[in-house]
Structures are given as C-alpha cells and as structure tokens.
Amino acid sequence: MKNIVILISGRGSNMQAIVEAGIPGANIAAVIANRPDAAGLAWAAERGIATLALDHKLYGSREAFDAALAEAIDACHADLVVLAGFMRILTPAFTERYAGRMLNIHPSLLPAFTGLHTHQRAIEAGCKLAGCTVHFVTAELDHGPIVFQAAVPVLDDDNESTLAARVLAEEHKLYPAAVRAFVEGRIVIDGLRVKVRD
Ligand code: GAR
C-alpha cells in the first residue's frame, strides 16, 4: 500500500477525482490545506479521510511553513505527495525533499503558460489547443518531468470559464491515471523525460 498525501488550497475537485477513482494500492493518508476555509477539507473529512489545515499566514517565513508542512507529510509516511490546486510557491528544500515523489497538475500544456490565468492567456494568444499537464515537481515553478498531458480545442466563442471547464474535465481523468501509474510503479523518470509503462 502506498501512502498518499494530497495538498489543496480550495475546492479540491482534483482531490475528489483521485479519491473517487478508488485506486487499488493507494491509501489516501491525509488531505492538507494551507487555507482553513478550503472547501475540499470538509469534503474529505465527511469521507473519513484525515484532514489538516496549516494556515500559511501563521508562519513567519516560507521556510517555516514548508518545514511544518514537511513534518505533517512525513508523519503520514507519505510515498507520494499530490499537489491538487495547491497554490503555494514551494522552497527548494521542500521540492528537493520530495523529488521524484511529488506530482502537480497545471491547467496548461506546459511549458506554455506557467503561472496564473492560463486559460485567458491561451485564448489571448490565439491558441487552437489548450490542456493540462501532470508533472513531477522541481524547484522551478510549473516545470519538471511531464508524466501526462491532455489537450482540448479552444473554440471560437470560448471565454476563460468555458475553456477552464473543458480542461478541468480532462484534469479529472488525467490526474487519477497518473497517480495510478505511480502507485503501480510504472513510471520511470529519465532527466526531463518520463516513461510510463502500460
Ligand atoms: C485546477 O484547475 C488545477 O489545475 C489548478 O488549480 C485548479 C484547482 O482546482 N492548479 C494550478 O493552477 C497550479 N499551478 P481544484 O481545487 O478543483 O482541483
């Protein structure tokens, strides 16, 4: 059994998709949020999953928050850390600690559109395709070895919210598939390239 700790900041729909996938061999050991009001915390608690709110505003520095977060994660004996809409920049010490065992989902086809407002920026850039990326986390924001990507069309009458909804539906398939591949030991990282065995 692999212990998985999921980090969220808000509604946690990707967290829900992973939990509801019921991945054999995956134990959702805890859901941790950096915002006490994150809606996903209540959803997880209602399902009997251990939850923890670590309010980043109560820590004097990014390093202090990340140290507390690492302590909580390690107390769960986490094999995999899953960032699911966790909107925090992480310190290099933190990303190094979980190198090769921390995944993120980002709502763009990386390396395009790192950072915020990805859908609006894709529309403004005239992209015909948008999408989402699951990748291993490194010190550089929204970079790191790519596990899976899914693309969707950008339609002529799209706005930020219609495109976001189309991408999110793909996120909810892609992220459980990536977590499943990790749990089943099918992922091999080779530099920036990731091979996922069938
Ligand atoms: C998702 O679209 C995820 O890709 C994005 O935040 C949303 C969280 O939704 N993550 C990032 O932008 C990270 N850079 P959720 O809380 O419903 O899963």
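Located above this text is the structure these notes cover.
Quantities reported herein were computed from a predicted structural model and do not represent experimental measurements.

Caption draft 1: Region of interest: the site of the ligand. Neighbouring the ligand are Arg11, Gly12, Ser13, Asn14, Gly85, Met87, Ile105, His106, Pro107, Asp142, Leu168 and Glu171. Within the side chain of Arg11, an N or O atom sits 2.5 Å from an oxygen atom of the ligand. The contact in question runs from an oxygen atom of the ligand to an N or O atom on the backbone of Asn14, over 2.9 Å. Considering the ligand on its own, with 440 Å² of exposed area, one finds that the protein chains cover 87% of that surface. Contributing elements (two or more residues each) for the shell around the ligand: helix 1 (13-21), strand 5 (102-106) and helix 6 (160-183). Looking at the shell around the ligand, its residues break down into four nonpolar, five polar and three charged.

Caption draft 2: Summary view of the environment of Val134. The topology assignment puts Val134 in strand 6 (residues 129-136). A relative accessible area of 0% means that Val134 is categorised as buried. Each C-alpha atom, one on Val134 and one on His106, is 6.5 Å from the other, the two residues being 28 residues apart in sequence. Ignoring any residue separated from it by four or fewer positions in sequence, one finds Val134 in contact with Leu103, Asn104, Ile105, Pro145, Ile146, Val147, Phe148, Leu174, Tyr175 and Ala178.

Caption draft 3: The arrangement of unusual backbone geometry in detail. Residue Pro111 follows Leu110 across a cis peptide bond; omega there is 15°. On the secondary structure map, Pro111 appears in the loop between strand 5 and helix 5 (118-124). The phi dihedral of His77 falls on the positive side, at around 50°, and the residue is not glycine. On the basis of relative accessible area, His77 is assigned to the exposed category, the value being 60%.

Caption draft 4: Representation of the sheet that holds strand 6 in the model. Here we have seven strands laid out as an open sheet, ordered 3-2-1-4-5-6-7, and mixed in their pairing. Each having just a single partner strand, strand 3 (51-53) and strand 7 (146-153) make up the two edges of the open sheet. Averaged over all neighbouring strand pairs, the angle between strand axes comes to 20°, with direction disregarded. Note that strand 2 (residues 26-33) and strand 3 share three bridges and pair parallel. Considered in strand 3, the bridge of Val31 is made with Thr51. Sheet contacts for helix 6: strand 1 (2-8), strand 2, strand 4 (80-83), strand 5, strand 6 and strand 7; angle to strand 7, the most-contacted strand, approximately 155°.

So, how was this worked out
- Residues numbered from 1 in each chain as written.
- Predicted model: local features only at pLDDT ≥ 70, side-chain atom pairs only at ≥ 80, totals over all residues.
- Heavy atoms only, no water.
- Near = heavy atom within 4 Å.
- Polar contact = N/O pair within 3.5 Å; in protein donor to acceptor, adjacent residues only side chain to side chain.
- Areas by Shrake-Rupley, 256 points an atom, 1.4 Å probe, with all protein chains shown as cover.
- Helix = DSSP H or I, 4+ residues; strand = E, 2+ residues; numbered from the N terminus.
- Nonpolar A, V, L, I, M, F, W, Y, C, P; charged D, E, K, R; others polar.
- Buried < 20%, exposed > 50% of the residue type's maximum accessible area, 1.4 Å probe, protein only.
- Contact = heavy atoms within 4.5 Å.
- Pairing = 2+ DSSP bridges.
- Axes fitted to C-alpha atoms, helices over the stretch in contact; angles between N-to-C directions.

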